[in-house]
Amino acid sequence: MELGEVYFWTATIYRWQTLLDDDRYKEIIIDSLAHLSRQGYMDVFAFVIMPNHVHFIWKDLRMNGKEHPHASFLKYSGHLFLHMLRAEDPGRLLHFQVNASNRKYCFWQRDSLAFPLYSRRIAFQKLRYIHRNPNAKRWHLVDDVCDYKYSSVRFYELNDRGYPFLKDLGEEFGWLG
């Protein structure tokens, strides 16, 4: 990912496990996004946290030391997942164990998808996709997408400022959505 460019980004929990079905793990993700945004490392335009994956529209603004902010997000959230599972559910932690020389556990799959958003049409297509995810046939987490707490849909549909780190995607591209 290039600094200063807007991306649609997807990351999946290791082996598609449903770690994020517990809201406490979702809150780790929210806190991480808020922190990176507050510190000026990234702008977050949209998100959805699903039981085993996340989708974001975001932009890395500057390096966090020697790493990109999206890498900091993965490392920080994984570190907190590890601490939480060690303390509360060591049996479940075994499902994240890997045989690697540089780590004992893995929480995020290595194949995160980053897709640059260069046009209004594609940006809003990805925004709609993110916001419709909780209502998708496979998940059907809610009947009305505005009822799903862990998404930016309420920011766009209801002008809800419950997640102060969110920035308007329309303003980013110089047009209002």
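Residues numbered from 1 in each chain as written. Predicted model: local features only at pLDDT ≥ 70, side-chain atom pairs only at ≥ 80, totals over all residues. Heavy atoms only, no water.

1. Considering the nonpolar core
Piece 1. With 55 residues, the main nonpolar core has Ile29, Leu33, Ile57, Phe81, Phe107 and Trp108 as its most contacted residues.
Piece 2. Of all elements in the fold, only strand S1 (6–12), helix H1 (23–38), strand S2 (42–49), strand S3 (53–60), helix H2 (69–88) and helix H4 (120–132) reach the threshold of two or more residues within this core. (Core = buried A, V, L, I, M, F, W, Y, C linked by side-chain atoms within 4.5 Å. Buried < 20%, exposed > 50% of the residue type's maximum accessible area, 1.4 Å probe, protein only. Helix = DSSP H or I, 4+ residues; strand = E, 2+ residues; numbered from the N terminus.)

2. Some remarks on the pattern of salt bridges
Piece 1. Here the structure, examined in full by the defined rule, presents nine salt bridges.
Piece 2. A salt bridge links Lys26 to Asp23; the shortest N-O distance between them is 2.9 Å. Here Lys26 pairs with Asp23, and both are found in helix H1, just three residues apart, close to one helical turn.
Piece 3. Using a relative accessible area of 6% as the deciding quantity, one classes Lys26 as buried.
Piece 4. As a salt-bridge pair, Lys59 and Glu172 come within 2.8 Å of each other at their nearest N and O atoms. Taken together, the residues span a long stretch of sequence, with Lys59 in strand S3 and Glu172 in helix H6 (residues 169–172) at a distance of 113 residues.
Piece 5. Among the residues examined, Lys59 registers a relative accessible area of 10% and is labelled buried.
Piece 6. Residue classification places Glu172 among the partly exposed residues on the basis of a relative accessible area of 30%.
Piece 7. Each of the salt bridges in this network shares a partner with another, and the network as a whole consists of Asp22, Arg24 and Glu88. (Salt bridge = Lys/Arg side-chain N within 4 Å of Asp/Glu carboxyl O.)

3. Focus on the packing of aromatic side chains
Piece 1. In the structure shown here, the tally under the stated rule is 17 aromatic pairs.
Piece 2. Here the aromatic rings of Trp58 and Phe73 are separated by 5.8 Å at their centres, their planes lie at 80°, and the arrangement is edge-to-face. Placement of the pair is Trp58 in strand S3 and Phe73 in helix H2, with a sequence separation of 15 residues. Phe73 shares its class with Trp58; the two are buried.
Piece 3. Measuring from centroid to centroid gives 5.8 Å for Phe73 and Trp108, while their planes differ by 45°, and the two rings are tilted. One end of the pair, Phe73, is in helix H2; the other, Trp108, is in the loop between helix H3 (90–93) and strand S4 (113–116), with 35 residues separating them in the sequence. Taken as a pair, Phe73 and Trp108 share a single burial class, namely buried.
Piece 4. What links up through ring pairs into an aromatic cluster is the set Trp9, Tyr25, Phe56, Trp58, Phe73, Phe81, Phe96, Phe107 and Trp108.
Piece 5. Taking NZ or CZ as reference, Lys126 lies 4.9 Å from the ring centre of Phe8, over its face.
Piece 6. Over the ring of Trp139 we find Arg138; its NZ or CZ atom is 4.2 Å from the centre of that ring. (Phe/Tyr/Trp six-rings, centres within 6.5 Å; stacked < 30°, edge-to-face > 60°. Lys NZ or Arg CZ within 6 Å of the ring centre and 35° of its normal.)

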